[in-house]
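# Summary of structural features
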Amino acid sequence: MSLEVREAAEALLTGEERDPLTDAWPALDVETAYAIQDEALRIRQERGETLIGVKLGLTSRAKQQRMGIDSPLLAWLTDAMVLPAGVPVPTLIHPRAEPELVFVMGQRLSGPGVTSATALAAVERVHGGVEIIDSRYRDYRFSLPDAVADNGSSAYFTLGPVGAEPSSLDLSLEAALLEVDGAIVDTATGAAVQGHPAEALALAANALGARGLALEPGWIVLTGGMTDAVDVRPGSRVAAHFSHLGSITLAGS
């Protein structure tokens with residue numbers, strides 16, 4: 001591990017707004033960015049946090065086109081990122097919320113060669129969820145390596161109250177309505193996530209497998225935003241309403 005990697009990881013964990021890493025490190029590539037992300041996870045674990053799963057980012061085709069990529073990114077989840085229902089969103093730099101379909105793993109899943117069908121068979125249950133993202137970069141200006149190094153802009157997530165067996169739902173048609181202060185501002189179905197959220201799950205398992213890692217039993221997998229993210233302003237209320245997976249309401253602090 002280079003000193004640059006360690007210093008970048010430490011800088012991104014301060015919680016302070018900053019310019020993108022690539023402003024001063026234009027040669028930063030995605031492979032090195034994942035090394036920064038992994039080092040940041042080690043620092044979190046040294047602080048007492050526990051690894052509980054992964055999240056996917058940039059899973060919608062529209063977001064990929066805007067970033068000029070053809071594949072999502074992966075990032076780590078720890079227990080410190082869990083936001084219990086009813087707890088206000090903590091003060092962050094510029095928090096945004098997006099509804100997601102969330103898998104809880106029942107079996108170990110590792111690539112290569114994982115398909116959406118084999119991925120779904122390893123899932124214990126599926127929940128609706130809301131992820132709070134909070135890029136550390138000023139004005140949300142960043143490249144793909146910046147986003148990977150920043151652990152996919154991760155901050156917090158909340159799971160919905162309903163856990164269902166994946167086979168009981170058509171997840172490509174499971175819909176989410178995104179509401180801000182009583183007004184519906186966006187809607188989408190699971191098809192917005194790689195065509196089907198199980199495709200995102202398979203992608204995560206195969207990507208981890210290429211690194212000698214796996215999705216472990218009990219892990220949580222956030223499959224990616226179904227809609228564009230919305231700002232969580234002080235005093236505002238953001239809610240996600242799912243067809244069969246209940247509702248989640250968050251309040252800006």
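Located above this text is the structure these notes cover.
Let me begin by describing the structure that accompanies this report. On a predicted model such as this, the values are computed, not experimentally measured, just so you know.

### Here's the deal with the overall build of the chain
Per the secondary structure count, the chain includes seven helices and eleven strands. Taken over C-alpha atoms, the radius of gyration comes to 17 Å for the chain, in line with the 18 Å a tight globule of 253 residues would show. Burial status across the chain gives 52% buried among its 253 residues. At a minimum sequence separation of 6, the contacts of the chain that also span at least 24 residues come to 75%. Entry remark: accessible area of the chain is about 10600 Å², with carbon and sulfur atoms responsible for 52%. Taken together, the 18 basic and 33 acidic charged side chains of the chain have centroids lying 2 Å from each other.

### Points about the side chain of glutamate 131
Note that glutamate 131 resides in strand β4 (residues 123–133). At 2.7 Å, the side chain of glutamate 131 forms a polar contact with the side chain of lysine 55. The residues contacting glutamate 131, other than those within four sequence positions of it, are Lys55, Arg96, Ala97, Glu98, Glu100, Ser154, Tyr156, Phe157 and Leu222.

### Some remarks on the sheet that holds strand β10 (residues 237–242)
Across the sheet, four strands lie side by side as β7-β6-β10-β11; this open sheet has antiparallel pairing. A strand with exactly one partner marks an edge of an open sheet, and here the two such strands are β7 (183–189) and β11 (247–251). Each neighbouring strand pair of the sheet contributes to a mean axis angle of 15 degrees, computed without reference to strand direction. Bridge count for β10 against β11 is five bridges, and the pairing is antiparallel. Counterpart to arginine 237 in the pairing with β11 is alanine 251.

### Focus: unusual backbone geometry
Along the chain, glycine 111 connects to proline 112 via a cis peptide bond; the corresponding omega equals 5 degrees. Despite not being glycine, aspartate 181 has its phi angle at roughly 50 degrees, a positive value. In this fold, aspartate 181 is placed in the loop between β6 (175–180) and β7. By relative accessible area, aspartate 181 is classed as exposed at 52%.

### Some words on the pattern of salt bridges
Scanning all chains against the criterion turns up 14 salt bridges. Between arginine 138 and aspartate 19 there is a salt bridge; the shortest N-O distance is 2.6 Å. Taken together, the residues arginine 138 in the loop between β4 and α6 (144–149) and aspartate 19 in the loop between α1 (3–12) and α2 (21–24) connect sequence positions 119 residues apart. The class of arginine 138 is partly exposed, set by a relative accessible area of 32%. Judged by relative accessible area, which is 37%, aspartate 19 ranks as partly exposed.

### Notes on the environment of valine 238
If you trace the backbone, valine 238 turns up in strand β10. The sequence separation of valine 238 and glycine 218 amounts to 20 residues, and the corresponding C-alpha distance is 28 Å. When near neighbours in sequence (up to four residues on either side) are disregarded, valine 238 contacts Ala97, Leu178, Glu179, Val180, Val230, Asp231, Val232, Ile248, Thr249 and Leu250.

### Quick word on the pairing of β7
Here six bridges tie β6 to β7, and the two strands are oriented antiparallel to one another. If you follow leucine 178 over to β7, its bridge partner there is aspartate 186. Adjacent in sequence and paired antiparallel, β6 and β7 are bridged by two residues, among which aspartate 181 carries a positive phi angle near 50 degrees.

### Regarding the environment of isoleucine 133
Relative to the helices and strands, isoleucine 133 resides in strand β4. The exposure class assigned to isoleucine 133 is buried, which follows from its relative accessible area of 11%. As for isoleucine 133 and tyrosine 156, which are separated by 23 residues in sequence, their C-alpha atoms are 6.8 Å apart.

### Some thoughts on the nonpolar core
The biggest cluster of nonpolar side chains holds 66 residues, and the ones touching the most others in it are Ile36, Met105, Leu109, Leu201 and Leu215. If you look at the next biggest cluster of nonpolar residues, it comprises eight residues, including Leu77, Met81, Val102 and Ile220.

### Here we look at the pairing of β11
Residues Ile248 and Leu250 of β11 are buried on one face, while the alternating residues Ser247, Thr249 and Ala251, pointing to the opposite face, are not. Hairpin connection of β10 to β11: four residues between the antiparallel strands, including glycine 246 at a positive phi of 80 degrees.

Conventions used here
Residues numbered from 1 in each chain as written. Predicted model: local features only at pLDDT ≥ 70, side-chain atom pairs only at ≥ 80, totals over all residues. Heavy atoms only, no water. Helix = DSSP H or I, 4+ residues; strand = E, 2+ residues; numbered from the N terminus. Rg over C-alpha atoms; globule rule 2.2 N^0.38 Å. Buried < 20%, exposed > 50% of the residue type's maximum accessible area, 1.4 Å probe, protein only. Contact = heavy atoms within 4.5 Å. Areas by Shrake-Rupley, 256 points an atom, 1.4 Å probe, with all protein chains shown as cover. Lys, Arg positive; Asp, Glu negative; His and termini not counted. Charge placed at Lys NZ, Arg CZ, Asp CG, Glu CD. Polar contact = N/O pair within 3.5 Å; in protein donor to acceptor, adjacent residues only side chain to side chain. Pairing = 2+ DSSP bridges. Axes fitted to C-alpha atoms, helices over the stretch in contact; angles between N-to-C directions. Salt bridge = Lys/Arg side-chain N within 4 Å of Asp/Glu carboxyl O. Core = buried A, V, L, I, M, F, W, Y, C linked by side-chain atoms within 4.5 Å.

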